Amino acid sequence: MTLQAAGRVRCDRTAAWAALQAHYDAAGRGFDVRDAFAADPQRFGRFSQEAPHVFADLSKNRIGADTEALLLQLARECGLEGWRDAMFAGEAINHTEQRAVMHWLLREPAPAVPPAAPEASGAVAAGRRDVHATLQAMLDFAERVRADDAITDIVNIGIGGSDLGPSMVTKALDDLCHPGKRLHFVSNVDGAELGGVLRTLRPESTLFLVASKTFTTAETMTNAHAARAWFLARGGSEEGLQRHFAALTTNVEAAAAFGIQTTFGFWDWVGGRYSLWSAIGLPIAIAVGAEGFRGLLAGAHAMDEHFRTAPLERSLPVRLGLLDVWYRNFHGFATRSVAPYSHALRRLPAYLQQLEMESNGKGVDAEGETLPFATSPVVWGEPGTNGQHAFFQMIHQGPDILPVEFIVLREPGRDLPEQHPRLVANALAQAKALMQGKASDDGHRRFTGNRPSTFLVLDRLDPPSLGALIALYEHRVFVSGALWGINSFDQWGVELGKVLAKDLEPRLASGNGEGLDASTAGLLRRLAPGG
Ligand SMILES: O=P(O)(O)OC[C@H]1O[C@](O)(CO)[C@@H](O)[C@@H]1O
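Residues numbered from 1 in each chain as written. Predicted model: local features only at pLDDT ≥ 70, side-chain atom pairs only at ≥ 80, totals over all residues. Heavy atoms only, no water.

Caption draft 1: The packing of helix α7 (residues 164-172) against helix α14 (residues 348-360), seen in detail. The contact between α7 and α14 brings their axes to 9 Å, and the two run at 155°. What the angle tells us is that α7 and α14 run roughly antiparallel. Along this stretch, α7 crosses α14, giving a crossing that reads as left-handed. Residues Leu 164, Gly 165 and Met 168 of α7 form the contact with α14, whose own contacting residues are Leu 348, Ala 350, Tyr 351 and Gln 354. Classifying every residue of the contact of α7 with α14 by side-chain character gives 5 nonpolar, 2 polar and no charged. (Axes fitted to C-alpha atoms, helices over the stretch in contact; angles between N-to-C directions. Helix = DSSP H or I, 4+ residues; strand = E, 2+ residues; numbered from the N terminus. Parallel < 35°, antiparallel > 145°, perpendicular 65-115°, else oblique. Left-handed = near helix turned anticlockwise from the far one by under 90°. Contact = heavy atoms within 4.5 Å. Nonpolar A, V, L, I, M, F, W, Y, C, P; charged D, E, K, R; others polar.)

Structure below.
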(Lines give C-alpha, C1' and ligand atoms only; values in the text may rest on other atoms or scores of the structure.)
Protein backbone atom coordinates (compact mmCIF):
# COMPACT_ATOMS: atom_id res chain seq x y z
CA MET A 1 0.00 0.00 0.00
CA THR A 2 1.49 3.34 -0.92
CA LEU A 3 1.40 6.13 1.61
CA GLN A 4 -0.70 8.13 -0.81
CA ALA A 5 -3.22 5.34 -1.30
CA ALA A 6 -3.52 5.14 2.48
CA GLY A 7 -4.17 8.88 2.69
CA ARG A 8 -0.90 9.38 4.51
CA VAL A 9 1.79 11.94 3.90
CA ARG A 10 5.25 11.37 5.34
CA CYS A 11 6.06 14.04 7.91
CA ASP A 12 9.07 15.49 6.08
CA ARG A 13 6.93 16.12 2.97
CA THR A 14 4.51 18.49 4.67
CA ALA A 15 4.45 22.26 4.94
CA ALA A 16 4.22 21.91 8.73
CA TRP A 17 7.57 20.08 8.81
CA ALA A 18 9.35 23.02 7.21
CA ALA A 19 7.46 25.39 9.51
CA LEU A 20 8.54 23.36 12.52
CA GLN A 21 12.15 23.47 11.38
CA ALA A 22 11.95 27.25 11.10
CA HIS A 23 10.25 27.42 14.49
CA TYR A 24 12.96 25.23 15.99
CA ASP A 25 15.70 27.43 14.56
CA ALA A 26 14.02 30.60 15.74
CA ALA A 27 12.66 29.58 19.12
CA GLY A 28 12.80 25.86 19.82
CA ARG A 29 16.55 25.46 20.09
CA GLY A 30 16.85 28.13 22.76
CA PHE A 31 13.54 27.41 24.52
CA ASP A 32 13.85 27.64 28.30
CA VAL A 33 11.05 26.03 30.31
CA ARG A 34 11.74 28.34 33.26
CA ASP A 35 11.16 31.44 31.12
CA ALA A 36 8.01 29.85 29.71
CA PHE A 37 6.59 29.38 33.22
CA ALA A 38 7.49 32.95 34.13
CA ALA A 39 5.74 34.24 31.01
CA ASP A 40 2.60 32.15 31.26
CA PRO A 41 0.83 31.59 34.61
CA GLN A 42 -1.52 29.18 32.82
CA ARG A 43 1.26 26.95 31.57
CA PHE A 44 0.55 24.02 33.90
CA GLY A 45 -3.11 23.94 32.84
CA ARG A 46 -2.30 24.49 29.18
CA PHE A 47 0.16 21.62 29.08
CA SER A 48 -1.62 19.14 31.28
CA GLN A 49 -4.13 16.64 30.02
CA GLU A 50 -6.76 14.44 31.63
CA ALA A 51 -7.37 11.10 29.96
CA PRO A 52 -9.16 8.03 31.28
CA HIS A 53 -7.36 6.93 34.47
CA VAL A 54 -4.25 8.94 33.58
CA PHE A 55 -3.38 12.56 34.24
CA ALA A 56 -0.38 13.97 32.42
CA ASP A 57 1.67 17.08 33.09
CA LEU A 58 3.64 18.00 29.98
CA SER A 59 4.44 21.52 31.13
CA LYS A 60 8.09 20.85 32.00
CA ASN A 61 8.82 20.06 28.36
CA ARG A 62 10.44 22.31 25.79
CA ILE A 63 7.25 23.18 24.01
CA GLY A 64 5.20 26.32 23.69
CA ALA A 65 1.65 26.77 22.47
CA ASP A 66 3.10 27.69 19.07
CA THR A 67 5.09 24.47 18.98
CA GLU A 68 2.05 22.36 19.75
CA ALA A 69 -0.05 24.20 17.17
CA LEU A 70 2.52 23.39 14.48
CA LEU A 71 2.80 19.77 15.64
CA LEU A 72 -0.98 19.43 15.43
CA GLN A 73 -0.87 20.90 11.94
CA LEU A 74 1.78 18.31 11.11
CA ALA A 75 -0.47 15.52 12.42
CA ARG A 76 -3.35 16.73 10.25
CA GLU A 77 -1.19 17.13 7.14
CA CYS A 78 0.18 13.61 7.68
CA GLY A 79 -3.36 12.22 7.73
CA LEU A 80 -3.16 10.94 11.30
CA GLU A 81 -6.91 11.00 11.84
CA GLY A 82 -7.60 8.97 8.71
CA TRP A 83 -4.90 6.46 9.59
CA ARG A 84 -6.27 6.12 13.13
CA ASP A 85 -9.76 5.59 11.73
CA ALA A 86 -8.40 2.99 9.31
CA MET A 87 -7.06 1.01 12.28
CA PHE A 88 -10.40 1.21 14.06
CA ALA A 89 -12.18 0.21 10.85
CA GLY A 90 -10.14 -3.01 10.61
CA GLU A 91 -8.28 -2.10 7.42
CA ALA A 92 -5.12 -4.09 6.71
CA ILE A 93 -2.84 -1.27 7.84
CA ASN A 94 -0.03 -3.75 8.53
CA HIS A 95 0.45 -4.01 4.79
CA THR A 96 3.76 -5.91 4.74
CA GLU A 97 1.96 -8.80 6.42
CA GLN A 98 -1.47 -8.09 4.93
CA ARG A 99 -3.07 -7.85 8.36
CA ALA A 100 -5.52 -5.68 10.18
CA VAL A 101 -4.41 -4.22 13.52
CA MET A 102 -7.21 -4.81 15.99
CA HIS A 103 -5.83 -5.37 19.49
CA TRP A 104 -8.32 -2.66 20.50
CA LEU A 105 -11.16 -5.03 19.52
CA LEU A 106 -10.11 -7.42 22.30
CA ARG A 107 -11.02 -4.67 24.76
CA GLU A 108 -14.45 -3.78 23.51
CA PRO A 109 -17.15 -4.57 26.05
CA ALA A 110 -19.43 -7.43 25.08
CA PRO A 111 -21.71 -7.46 23.27
CA ALA A 112 -22.39 -3.80 22.76
CA VAL A 113 -20.85 -1.93 19.93
CA PRO A 114 -20.15 1.64 21.01
CA PRO A 115 -22.99 3.70 19.55
CA ALA A 116 -20.65 6.12 17.86
CA ALA A 117 -18.44 3.35 16.44
CA PRO A 118 -17.77 3.53 12.74
CA GLU A 119 -19.45 1.05 10.43
CA ALA A 120 -17.87 -2.33 11.04
CA SER A 121 -15.82 -3.76 8.20
CA GLY A 122 -15.66 -7.48 7.50
CA ALA A 123 -12.58 -7.94 9.67
CA VAL A 124 -14.10 -6.05 12.59
CA ALA A 125 -17.44 -7.87 12.38
CA ALA A 126 -15.71 -11.27 12.18
CA GLY A 127 -13.41 -10.37 15.06
CA ARG A 128 -16.33 -9.25 17.22
CA ARG A 129 -18.02 -12.61 16.72
CA ASP A 130 -14.97 -14.58 17.89
CA VAL A 131 -13.45 -12.44 20.59
CA HIS A 132 -15.97 -12.76 23.38
CA ALA A 133 -16.52 -16.51 23.20
CA THR A 134 -12.77 -17.05 23.33
CA LEU A 135 -12.37 -14.58 26.17
CA GLN A 136 -15.09 -16.27 28.18
CA ALA A 137 -13.54 -19.73 27.67
CA MET A 138 -10.15 -18.43 28.76
CA LEU A 139 -11.57 -16.68 31.83
CA ASP A 140 -13.53 -19.80 32.82
CA PHE A 141 -10.33 -21.81 32.58
CA ALA A 142 -8.50 -19.20 34.67
CA GLU A 143 -11.18 -19.41 37.36
CA ARG A 144 -10.95 -23.21 37.39
CA VAL A 145 -7.19 -23.00 37.88
CA ARG A 146 -7.68 -20.44 40.65
CA ALA A 147 -10.10 -22.78 42.40
CA ASP A 148 -7.85 -25.82 42.00
CA ASP A 149 -5.75 -26.03 45.15
CA ALA A 150 -3.67 -28.82 43.64
CA ILE A 151 -2.10 -26.36 41.19
CA THR A 152 0.30 -24.08 43.04
CA ASP A 153 2.73 -23.06 40.28
CA ILE A 154 2.05 -21.66 36.83
CA VAL A 155 4.96 -21.46 34.41
CA ASN A 156 4.53 -19.23 31.37
CA ILE A 157 6.94 -20.25 28.62
CA GLY A 158 7.09 -17.52 26.00
CA ILE A 159 9.30 -14.67 24.80
CA GLY A 160 8.91 -11.10 23.56
CA GLY A 161 5.25 -10.20 23.37
CA SER A 162 4.35 -13.63 24.74
CA ASP A 163 6.24 -12.87 27.93
CA LEU A 164 6.85 -9.18 28.58
CA GLY A 165 3.21 -8.05 28.88
CA PRO A 166 1.93 -10.78 31.22
CA SER A 167 5.15 -10.67 33.23
CA MET A 168 4.96 -6.89 33.64
CA VAL A 169 1.22 -6.84 34.43
CA THR A 170 1.26 -9.65 37.00
CA LYS A 171 4.07 -7.91 38.86
CA ALA A 172 2.23 -4.59 38.63
CA LEU A 173 -0.94 -6.12 40.09
CA ASP A 174 0.84 -8.18 42.71
CA ASP A 175 -1.35 -6.78 45.50
CA LEU A 176 -4.37 -8.38 43.82
CA CYS A 177 -2.80 -11.67 42.82
CA HIS A 178 -4.09 -15.02 44.09
CA PRO A 179 -2.03 -15.80 47.18
CA GLY A 180 -1.93 -19.53 46.49
CA LYS A 181 -0.49 -19.37 42.98
CA ARG A 182 3.15 -18.74 42.20
CA LEU A 183 3.75 -17.39 38.69
CA HIS A 184 6.99 -18.03 36.86
CA PHE A 185 7.98 -16.54 33.51
CA VAL A 186 10.56 -18.37 31.44
CA SER A 187 11.69 -16.71 28.23
CA ASN A 188 15.41 -17.15 27.68
CA VAL A 189 16.79 -20.13 25.80
CA ASP A 190 19.59 -20.08 28.38
CA GLY A 191 18.82 -23.27 30.28
CA ALA A 192 19.67 -21.49 33.52
CA GLU A 193 16.29 -19.80 33.48
CA LEU A 194 14.04 -22.83 33.00
CA GLY A 195 16.38 -25.02 35.04
CA GLY A 196 16.25 -22.60 37.96
CA VAL A 197 12.46 -22.64 37.91
CA LEU A 198 12.09 -26.41 37.45
CA ARG A 199 14.28 -27.03 40.49
CA THR A 200 11.55 -25.46 42.64
CA LEU A 201 8.62 -27.38 41.11
CA ARG A 202 6.74 -30.66 41.35
CA PRO A 203 4.97 -31.90 38.18
CA GLU A 204 1.70 -32.68 39.96
CA SER A 205 1.26 -29.11 41.21
CA THR A 206 2.48 -27.29 38.08
CA LEU A 207 0.64 -25.89 35.09
CA PHE A 208 2.75 -24.99 32.05
CA LEU A 209 1.42 -22.39 29.63
CA VAL A 210 3.18 -22.51 26.28
CA ALA A 211 2.65 -18.99 24.96
CA SER A 212 3.60 -18.33 21.37
CA LYS A 213 1.65 -16.56 18.69
CA THR A 214 3.36 -18.58 15.97
CA PHE A 215 4.23 -21.69 18.01
CA THR A 216 7.51 -21.80 16.08
CA THR A 217 9.74 -19.44 18.08
CA ALA A 218 12.95 -21.35 18.74
CA GLU A 219 13.44 -20.27 22.36
CA THR A 220 9.89 -21.08 23.36
CA MET A 221 9.77 -24.41 21.57
CA THR A 222 13.12 -25.44 23.10
CA ASN A 223 11.91 -24.59 26.60
CA ALA A 224 8.50 -26.18 26.02
CA HIS A 225 10.09 -29.46 24.89
CA ALA A 226 12.43 -29.38 27.88
CA ALA A 227 9.51 -28.77 30.26
CA ARG A 228 7.59 -31.62 28.72
CA ALA A 229 10.59 -33.97 29.00
CA TRP A 230 11.01 -32.91 32.66
CA PHE A 231 7.32 -33.59 33.30
CA LEU A 232 7.43 -37.07 31.75
CA ALA A 233 10.75 -37.95 33.40
CA ARG A 234 9.27 -37.19 36.81
CA GLY A 235 6.44 -39.64 36.48
CA GLY A 236 3.99 -37.54 34.51
CA SER A 237 1.96 -39.44 31.94
CA GLU A 238 0.86 -38.46 28.42
CA GLU A 239 -2.70 -38.04 29.86
CA GLY A 240 -1.27 -35.96 32.67
CA LEU A 241 0.17 -33.65 30.03
CA GLN A 242 -3.38 -32.64 29.15
CA ARG A 243 -4.04 -31.42 32.66
CA HIS A 244 -0.64 -29.76 33.12
CA PHE A 245 -0.01 -28.08 29.75
CA ALA A 246 -2.06 -25.49 27.90
CA ALA A 247 -1.18 -23.52 24.77
CA LEU A 248 -1.84 -19.87 23.96
CA THR A 249 -1.40 -19.44 20.22
CA THR A 250 -2.83 -18.61 16.83
CA ASN A 251 -1.32 -21.88 15.57
CA VAL A 252 -3.72 -24.43 17.06
CA GLU A 253 -2.48 -27.20 14.73
CA ALA A 254 1.12 -26.86 15.92
CA ALA A 255 -0.02 -26.93 19.55
CA ALA A 256 -1.96 -30.12 18.84
CA ALA A 257 1.06 -31.64 17.12
CA PHE A 258 3.09 -30.82 20.25
CA GLY A 259 0.52 -32.84 22.19
CA ILE A 260 -1.47 -30.07 23.85
CA GLN A 261 -5.25 -30.23 23.60
CA THR A 262 -6.16 -27.27 25.82
CA THR A 263 -5.52 -24.35 23.53
CA PHE A 264 -6.74 -20.77 23.74
CA GLY A 265 -6.47 -19.16 20.36
CA PHE A 266 -6.18 -15.67 19.00
CA TRP A 267 -5.85 -14.09 15.60
CA ASP A 268 -3.23 -12.80 13.22
CA TRP A 269 -4.60 -9.28 13.65
CA VAL A 270 -3.17 -9.23 17.19
CA GLY A 271 0.51 -8.27 17.02
CA GLY A 272 2.80 -10.07 19.46
CA ARG A 273 3.67 -6.91 21.39
CA TYR A 274 -0.02 -5.99 21.51
CA SER A 275 -1.21 -9.40 22.66
CA LEU A 276 -1.52 -9.30 26.44
CA TRP A 277 -5.25 -8.60 25.97
CA SER A 278 -5.72 -11.91 24.14
CA ALA A 279 -5.20 -15.52 25.27
CA ILE A 280 -1.60 -14.48 25.92
CA GLY A 281 -3.06 -12.76 28.99
CA LEU A 282 -4.07 -16.07 30.60
CA PRO A 283 -1.38 -15.83 33.32
CA ILE A 284 -2.82 -12.41 34.20
CA ALA A 285 -6.34 -13.84 34.39
CA ILE A 286 -5.12 -16.69 36.63
CA ALA A 287 -3.35 -14.19 38.86
CA VAL A 288 -6.08 -11.57 39.23
CA GLY A 289 -9.20 -13.48 38.21
CA ALA A 290 -11.80 -12.89 35.54
CA GLU A 291 -13.03 -9.68 37.13
CA GLY A 292 -9.53 -8.25 37.34
CA PHE A 293 -8.81 -9.16 33.71
CA ARG A 294 -12.05 -7.57 32.59
CA GLY A 295 -11.05 -4.47 34.55
CA LEU A 296 -7.77 -4.33 32.64
CA LEU A 297 -9.67 -4.57 29.34
CA ALA A 298 -12.15 -1.91 30.46
CA GLY A 299 -9.41 0.57 31.30
CA ALA A 300 -7.74 -0.01 27.94
CA HIS A 301 -11.07 0.36 26.17
CA ALA A 302 -11.65 3.71 27.87
CA MET A 303 -8.28 4.86 26.49
CA ASP A 304 -9.19 3.48 23.04
CA GLU A 305 -12.33 5.58 23.05
CA HIS A 306 -10.36 8.63 24.16
CA PHE A 307 -7.91 8.11 21.30
CA ARG A 308 -10.66 7.38 18.80
CA THR A 309 -12.89 10.33 19.65
CA ALA A 310 -11.01 13.15 21.40
CA PRO A 311 -9.98 16.09 19.24
CA LEU A 312 -6.28 15.87 18.47
CA GLU A 313 -5.44 18.80 20.71
CA ARG A 314 -7.07 17.13 23.74
CA SER A 315 -5.89 13.61 22.99
CA LEU A 316 -3.17 12.45 25.37
CA PRO A 317 -1.70 9.77 23.05
CA VAL A 318 -1.53 12.40 20.32
CA ARG A 319 0.11 15.05 22.50
CA LEU A 320 2.71 12.54 23.74
CA GLY A 321 3.37 11.13 20.26
CA LEU A 322 3.85 14.63 18.85
CA LEU A 323 6.25 15.49 21.66
CA ASP A 324 8.23 12.38 20.72
CA VAL A 325 8.50 13.61 17.12
CA TRP A 326 9.49 17.10 18.25
CA TYR A 327 12.24 15.77 20.49
CA ARG A 328 13.54 13.09 18.17
CA ASN A 329 13.51 14.94 14.86
CA PHE A 330 14.08 18.57 15.79
CA HIS A 331 15.93 18.56 19.13
CA GLY A 332 17.71 15.33 18.22
CA PHE A 333 17.14 13.75 21.64
CA ALA A 334 17.92 10.09 21.06
CA THR A 335 16.39 8.49 24.15
CA ARG A 336 13.50 8.65 26.58
CA SER A 337 13.98 7.35 30.09
CA VAL A 338 10.95 5.82 31.78
CA ALA A 339 10.97 6.19 35.56
CA PRO A 340 8.02 4.50 37.24
CA TYR A 341 8.08 5.53 40.91
CA SER A 342 6.57 2.18 41.76
CA HIS A 343 8.28 -1.10 42.52
CA ALA A 344 5.22 -2.84 41.10
CA LEU A 345 5.87 -1.20 37.71
CA ARG A 346 9.51 -2.25 37.65
CA ARG A 347 9.13 -4.22 34.39
CA LEU A 348 7.33 -1.43 32.56
CA PRO A 349 10.54 -0.08 30.94
CA ALA A 350 11.35 -3.55 29.58
CA TYR A 351 7.81 -3.92 28.27
CA LEU A 352 7.98 -0.51 26.60
CA GLN A 353 11.29 -1.31 24.98
CA GLN A 354 9.60 -3.94 22.87
CA LEU A 355 6.42 -1.98 22.34
CA GLU A 356 8.18 1.14 21.13
CA MET A 357 11.42 -0.04 19.59
CA GLU A 358 10.05 -3.13 17.81
CA SER A 359 7.15 -1.02 16.51
CA ASN A 360 8.96 2.14 15.47
CA GLY A 361 12.61 1.14 15.19
CA LYS A 362 12.37 1.26 11.40
CA GLY A 363 14.61 2.87 8.80
CA VAL A 364 12.27 2.77 5.83
CA ASP A 365 8.82 4.17 5.23
CA ALA A 366 5.76 2.11 4.34
CA GLU A 367 6.90 2.05 0.72
CA GLY A 368 10.33 0.73 1.66
CA GLU A 369 12.07 4.02 0.98
CA THR A 370 15.01 4.88 3.26
CA LEU A 371 14.05 7.54 5.77
CA PRO A 372 16.14 10.70 5.94
CA PHE A 373 15.26 11.26 9.61
CA ALA A 374 15.39 9.40 12.93
CA THR A 375 12.53 7.28 14.29
CA SER A 376 12.00 5.55 17.64
CA PRO A 377 13.94 6.90 20.58
CA VAL A 378 15.84 4.39 22.67
CA VAL A 379 13.49 3.67 25.56
CA TRP A 380 15.12 2.67 28.81
CA GLY A 381 14.80 3.08 32.52
CA GLU A 382 14.55 1.73 36.01
CA PRO A 383 12.05 2.30 38.76
CA GLY A 384 12.50 5.26 41.05
CA THR A 385 14.11 5.84 43.42
CA ASN A 386 16.69 3.27 42.26
CA GLY A 387 17.56 5.17 39.09
CA GLN A 388 18.42 8.25 41.14
CA HIS A 389 21.36 6.37 42.64
CA ALA A 390 22.57 5.03 39.33
CA PHE A 391 22.20 7.07 36.14
CA PHE A 392 20.35 10.23 37.21
CA GLN A 393 23.76 11.89 37.63
CA MET A 394 24.01 11.90 33.83
CA ILE A 395 20.43 13.08 33.34
CA HIS A 396 21.10 16.07 35.64
CA GLN A 397 24.60 17.05 34.56
CA GLY A 398 25.68 15.14 31.46
CA PRO A 399 26.13 16.92 28.13
CA ASP A 400 23.26 14.96 26.52
CA ILE A 401 19.65 15.89 27.13
CA LEU A 402 17.74 12.79 28.20
CA PRO A 403 14.00 13.45 28.55
CA VAL A 404 12.45 11.55 31.45
CA GLU A 405 8.93 10.25 31.93
CA PHE A 406 7.93 9.96 35.57
CA ILE A 407 5.01 7.69 36.46
CA VAL A 408 3.60 8.23 39.93
CA LEU A 409 0.71 6.72 41.87
CA ARG A 410 -1.41 8.96 44.08
CA GLU A 411 -2.41 6.12 46.41
CA PRO A 412 0.08 3.73 47.96
CA GLY A 413 0.05 0.00 47.45
CA ARG A 414 -0.62 -2.58 50.14
CA ASP A 415 2.77 -2.71 51.81
CA LEU A 416 4.23 -0.06 54.11
CA PRO A 417 2.01 2.75 52.82
CA GLU A 418 3.67 5.17 55.23
CA GLN A 419 6.72 5.19 52.89
CA HIS A 420 4.67 6.38 49.92
CA PRO A 421 5.00 10.14 50.55
CA ARG A 422 8.78 9.79 50.53
CA LEU A 423 8.60 8.00 47.17
CA VAL A 424 6.31 10.62 45.62
CA ALA A 425 8.35 13.50 47.02
CA ASN A 426 11.42 12.06 45.33
CA ALA A 427 9.70 11.97 41.94
CA LEU A 428 8.50 15.55 42.33
CA ALA A 429 11.96 16.63 43.48
CA GLN A 430 13.73 15.03 40.52
CA ALA A 431 11.39 16.62 37.98
CA LYS A 432 11.75 19.99 39.67
CA ALA A 433 15.54 19.73 39.94
CA LEU A 434 15.82 18.79 36.28
CA MET A 435 13.81 21.81 35.23
CA GLN A 436 15.04 24.36 37.72
CA GLY A 437 18.72 23.52 37.94
CA LYS A 438 21.03 25.24 40.40
CA ALA A 439 23.47 28.04 39.84
CA SER A 440 26.97 27.68 41.27
CA ASP A 441 30.41 29.15 40.65
CA ASP A 442 31.72 25.63 41.02
CA GLY A 443 31.07 23.76 37.78
CA HIS A 444 30.95 20.44 39.60
CA ARG A 445 28.03 21.63 41.69
CA ARG A 446 26.21 23.45 38.89
CA PHE A 447 22.93 22.12 37.49
CA THR A 448 22.12 23.75 34.17
CA GLY A 449 18.41 22.90 34.43
CA ASN A 450 15.93 23.20 31.56
CA ARG A 451 16.01 19.39 31.36
CA PRO A 452 12.66 18.13 30.13
CA SER A 453 10.34 15.69 31.82
CA THR A 454 6.76 14.50 31.62
CA PHE A 455 4.82 13.48 34.71
CA LEU A 456 2.09 10.84 34.47
CA VAL A 457 -0.19 10.30 37.47
CA LEU A 458 -2.48 7.33 38.14
CA ASP A 459 -4.76 7.48 41.15
CA ARG A 460 -3.91 3.90 41.99
CA LEU A 461 -2.43 0.82 40.38
CA ASP A 462 -5.56 -1.22 39.73
CA PRO A 463 -6.49 -3.18 36.59
CA PRO A 464 -8.42 -0.34 34.86
CA SER A 465 -5.66 2.22 35.46
CA LEU A 466 -2.96 -0.15 34.29
CA GLY A 467 -4.99 -1.12 31.22
CA ALA A 468 -5.43 2.54 30.36
CA LEU A 469 -1.74 3.29 30.85
CA ILE A 470 -0.66 0.47 28.54
CA ALA A 471 -3.19 1.45 25.87
CA LEU A 472 -1.96 5.04 26.15
CA TYR A 473 1.54 3.89 25.25
CA GLU A 474 0.25 1.71 22.40
CA HIS A 475 -1.58 4.64 20.81
CA ARG A 476 1.27 7.05 21.38
CA VAL A 477 3.52 4.69 19.42
CA PHE A 478 0.86 4.60 16.71
CA VAL A 479 0.90 8.40 16.50
CA SER A 480 4.63 8.85 16.03
CA GLY A 481 4.77 5.87 13.65
CA ALA A 482 1.95 7.36 11.60
CA LEU A 483 3.79 10.67 11.23
CA TRP A 484 7.05 8.97 10.34
CA GLY A 485 5.19 7.12 7.59
CA ILE A 486 6.33 3.70 8.76
CA ASN A 487 4.62 0.38 9.36
CA SER A 488 4.61 0.13 13.15
CA PHE A 489 3.19 -3.38 13.10
CA ASP A 490 5.79 -5.60 11.45
CA GLN A 491 9.22 -6.63 12.80
CA TRP A 492 11.32 -7.90 9.92
CA GLY A 493 14.43 -6.74 11.75
CA VAL A 494 14.35 -9.77 14.04
CA GLU A 495 14.47 -12.32 11.23
CA LEU A 496 18.08 -12.29 9.98
CA GLY A 497 19.60 -13.21 13.34
CA LYS A 498 17.17 -16.11 13.71
CA VAL A 499 18.28 -17.56 10.36
CA LEU A 500 22.00 -17.14 11.08
CA ALA A 501 21.65 -18.76 14.52
CA LYS A 502 20.26 -21.87 12.83
CA ASP A 503 23.34 -22.10 10.63
CA LEU A 504 25.81 -21.41 13.43
CA GLU A 505 24.47 -23.76 16.09
CA PRO A 506 25.63 -27.02 14.45
CA ARG A 507 29.05 -25.49 13.71
CA LEU A 508 29.66 -24.89 17.41
CA ALA A 509 30.46 -28.52 18.11
CA SER A 510 33.34 -28.59 15.61
CA GLY A 511 34.32 -24.94 15.41
CA ASN A 512 33.91 -25.14 11.63
CA GLY A 513 34.04 -21.56 10.39
CA GLU A 514 34.15 -22.38 6.67
CA GLY A 515 32.58 -19.69 4.54
CA LEU A 516 32.13 -17.32 7.47
CA ASP A 517 33.63 -13.88 8.00
CA ALA A 518 36.94 -13.92 9.89
CA SER A 519 35.52 -12.53 13.12
CA THR A 520 32.64 -15.00 13.41
CA ALA A 521 34.93 -17.88 12.39
CA GLY A 522 37.51 -16.84 15.00
CA LEU A 523 34.89 -16.61 17.72
CA LEU A 524 33.43 -19.98 16.72
CA ARG A 525 36.85 -21.60 17.11
CA ARG A 526 37.26 -19.92 20.48
CA LEU A 527 33.81 -21.03 21.67
CA ALA A 528 33.97 -24.61 20.38
CA PRO A 529 34.73 -27.29 22.97
CA GLY A 530 38.47 -27.20 23.69
CA GLY A 531 38.79 -23.93 21.73
O1 LIG B 1 4.72 -15.28 20.23
P2 LIG B 1 5.80 -15.76 19.33
O3 LIG B 1 5.31 -16.13 17.97
O4 LIG B 1 6.56 -16.90 19.96
O5 LIG B 1 6.82 -14.57 19.11
C6 LIG B 1 7.51 -14.02 20.18
C7 LIG B 1 8.13 -12.71 19.81
O8 LIG B 1 9.02 -12.87 18.73
C9 LIG B 1 8.92 -11.77 17.83
O10 LIG B 1 8.27 -12.20 16.69
C11 LIG B 1 10.24 -11.27 17.38
O12 LIG B 1 11.15 -11.15 18.40
C13 LIG B 1 8.09 -10.75 18.60
O14 LIG B 1 7.47 -9.85 17.77
C15 LIG B 1 7.17 -11.65 19.33
O16 LIG B 1 6.51 -10.98 20.36
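And the narrative resumes.
Caption draft 2: Representation of the sheet that holds strand β11 (residues 453-458). If you walk across this open sheet you meet the 6 strands as β1-β2-β11-β10-β8-β9, and the pairing is mixed. Only two strands of the sheet have a single neighbouring strand rather than two, namely β1 (48-51) and β9 (378-380). When the angles between neighbouring strand axes are averaged without regard to direction, this sheet yields 15°. When strand β8 (residues 335-340) meets β9, the two strands line up parallel, connected through 3 bridges. In the sheet register, Arg 336 faces β9, and the bridge partner there is Val 379. Across the sheet, helix α13 (residues 316-331) is in contact with β1, β2 (54-57), β8, β10 (404-409) and β11; its angle to β1 comes to roughly 140°. (Pairing = 2+ DSSP bridges.)

Caption draft 3: Representation of the environment of His 103. Here His 103 lies in the loop between α5 (80-88) and α6 (122-147). Spatially, the C-alpha atoms of His 103 and Leu 74 are 26 Å apart, while their sequence positions differ by 29 residues.

Caption draft 4: Spatial organisation of the site of the ligand. Looking at the ligand, there are 13 residues lining it, with Ser 162, Ser 212, Lys 213, Thr 214 and Thr 217 nearest. At 2.7 Å from an oxygen atom of the ligand is found a side-chain nitrogen or oxygen belonging to Glu 358. If the ligand stood free it would expose 390 Å²; the protein chains cover 87% of that surface. Classifying every residue of the shell around the ligand gives 2 nonpolar, 9 polar and 2 charged. (Near = heavy atom within 4 Å. Polar contact = N/O pair within 3.5 Å; in protein donor to acceptor, adjacent residues only side chain to side chain. Areas by Shrake-Rupley, 256 points an atom, 1.4 Å probe, with all protein chains shown as cover.)

Caption draft 5: Region of the structure containing the environment of Val 124. The residue Val 124 is located in helix α6 in this model. A C-alpha to C-alpha distance of 10.0 Å links Val 124 and Met 87, two positions 37 residues apart in sequence.

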